[in-house]
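# Residue-level structure breakdown
Okay, here's what each chain looks like letter by letter:
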Amino acid sequence: METSLIDPFQRAVTYLRVSVTDRCDFRCVYCMSENMTFLPKKELLTLEELDRMCTAFISQGVRKLRITGGEPLVRRGIMSFFGSISRHIDSGALDELTLTTNGSQLARFADDLAAAGVRRVNISLDTLDDEKFARVTRWGRLAQVLKGVDAAQNAGLRVKINAVALRGFNEEELFSMTEWAASRDMDMTWIEVMPMGDMGDTDRIGQYWPLTDVRAQLAQRYTLVDLAERTGGPARYVRLEETGQKVGFITPLSHNFCESCNRVRLTCTGELFMCLGQEDRADLRAALRDHPDDDRPLIEAIHQAIAHKPKGHDFDYSRQNVAGQMSRHMSHTGG
Ligand code: SAM
Ligand code: SF4
């Protein structure tokens, strides 16, 4: 089906990212403060409401769904959501159902995810050092995540590792992480740290490490072949000729991907963010809850929201003023 979601700049919206919870079992320093206040349960869309929401987007031509959070796999009952959404994979309405996870629950859920039609997962992992892992996630344990990586691969899921590039933190692990990922046939993506929320102690763990520098360091050891492949997002890819592995660079602060942007983000409360870098949002929850038996008002609200998708984002690219640029936490919109 052709998408009917075309924004004012003629971009087709075919990719929906859905945050299913704002909660998490980790407290990564660049993402959350130690004492987070989470949303009261009644604010959250139920799993059935999330399903209705996603189904409405799919009916309008969304072809790819990425489930995220917070940590999506800590949401109670989330496997029933995956099990139910998988009908759209079976019917061919959806090309891809995927998720971004910290990996802590994958040992439990990898098989169920594979059964629900998930073929690929992104697992966030910034370091392979136990002590550093505990420090950056505050509450996480590396061994548990590594078991999750094993479980995902054993279940036949293709794994991509996402690492936030943090100067003075994982800089020295650039090659060891690359080689570890290559040895397990996993692609890797480096993400430039974004100024989100009031992080308090980010200064103590790692700072902005520009991906131009990550790339330059990789190029000293490997032959980097630029790939034309684009995903409509802020990632650029190269192939390392020596390992065959794909390495991505996500620079969310750059503007140069906005013209091909194909995505919108739904929060766990039913707000739709049309752009990661803008506070502009549309409330879809009211349209959903006020009409439990009629999807037309919801679909109308989705179209109105897409009609307001902005041309580009508002990050301060000068990086002179990074702290607290965006008051919203990444765990709210799902990164
Ligand atoms: N909990 C899951 C996870 O960690 O993969 C999914 C949600 S998390 C918000 C999604 C991605 O955003 C993770 O890869 C995480 O490293 C990244 N992230 C969080 N805060 C960030 C920040 N301030 N700058 C850049 N990436 C960030
Ligand atoms: Fe949790 Fe993911 Fe944020 Fe870390 S990055 S605190 S794992 S939501």
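Residues numbered from 1 in each chain as written. Chains lettered and ligands numbered in written order. Predicted model: local features only at pLDDT ≥ 70, side-chain atom pairs only at ≥ 80, totals over all residues. Heavy atoms only, no water.

## Some points on the pairing of strand 2 (residues 64–68)
A regular strand places its side chains so that they alternate between the two faces of the sheet. With respect to burial, strand 2 is a largely interior element, five of its five residues being buried. Residues Lys64, Arg66 and Thr68 point to one face of strand 2 and Leu65 and Ile67 to the other, with burial holding for every one of them. Alignment of strand 1 (residues 15–19) against strand 2, held across five bridges, turns out to be parallel. Across the sheet, Val18 pairs through a bridge with Ile67, a residue of strand 2. Following the chain from strand 1 across helix 1 (residues 47–59) to the adjacent parallel strand 2, one finds a crossover that is right-handed. Looking at chain direction, strand 2 and strand 3 (residues 96–101) are connected through four bridges and run parallel. When the sheet's bridge partners are listed, Lys64 is paired in strand 3 with Glu96. As for the winding sense of the linkage, the β-α-β connection from strand 2 through helix 2 (residues 78–90) to strand 3 is right-handed. (Buried < 20%, exposed > 50% of the residue type's maximum accessible area, 1.4 Å probe, protein only. Helix = DSSP H or I, 4+ residues; strand = E, 2+ residues; numbered from the N terminus. Pairing = 2+ DSSP bridges. Right-handed = clockwise from strand over helix to strand, strands pointing away.)

## Quick word on the site of ligand 2
In the vicinity of ligand 2, the residues found are Cys24, Phe26, Cys28, Cys31, Met32, Gly70 and Asn102. The class makeup of the residues in the shell around ligand 2 is five nonpolar, two polar and no charged. (Near = heavy atom within 4 Å. Nonpolar A, V, L, I, M, F, W, Y, C, P; charged D, E, K, R; others polar.)

## Focus: the site of ligand 1
Around ligand 1, the surrounding shell holds 17 residues, and the nearest of these are Tyr30, Gly70, Glu71, Ser124 and Met194. Note that a nitrogen atom of ligand 1 is positioned 3.0 Å from one of the backbone N or O atoms of Gly70. A distance of 3.2 Å separates an oxygen atom of ligand 1 from a polar atom in the backbone of Thr101. Look at ligand 1: alone it shows 540 Å² of surface, and the protein chains cover 95% of it. Of all the secondary structure elements, the ones that give two or more residues to the shell around ligand 1 are strand 3, strand 5 (158–167) and strand 6 (187–192). (Polar contact = N/O pair within 3.5 Å; in protein donor to acceptor, adjacent residues only side chain to side chain. Areas by Shrake-Rupley, 256 points an atom, 1.4 Å probe, with all protein chains shown as cover.)

## Observations regarding the confidence of the model for the chain
The predicted coordinates of low-pLDDT regions are not to be read in fine detail. Scored by pLDDT, the chain comes out at a mean of 90, with 88% of its residues at no less than 70. Predicted confidence for residues 316–327 stays below pLDDT 50, and this span has 20 contacts to residues more than four positions away or in other chains. (pLDDT = per-residue confidence, 0-100. Contact = heavy atoms within 4.5 Å.)

## Details of helix 9 (residues 296–306)
Along helix 9, the residues classified as buried are Leu298, Ile299, Ala301, Ile302, Ala305 and Ile306. Relative to the axis of helix 9, the buried residues are bounded by an arc of 160 degrees and lie together on one face. Those residues of helix 9 hidden inside the fold are in contact with helix 1, strand 11 (263–266), strand 12 (271–273), strand 13 (281–283) and helix 8 (285–289). (Arc of directions from axis to C-beta.)

## Thoughts on the nonpolar core
Nonpolar side chains in soluble globular proteins tend to end up buried together. One finds Leu65, Phe82, Trp190 and Leu272 to be the most contacted residues of the largest nonpolar core, which totals 98 residues. Considering every element that reaches this core, the biggest residue donor is helix 1, with seven residues. (Core = buried A, V, L, I, M, F, W, Y, C linked by side-chain atoms within 4.5 Å.)

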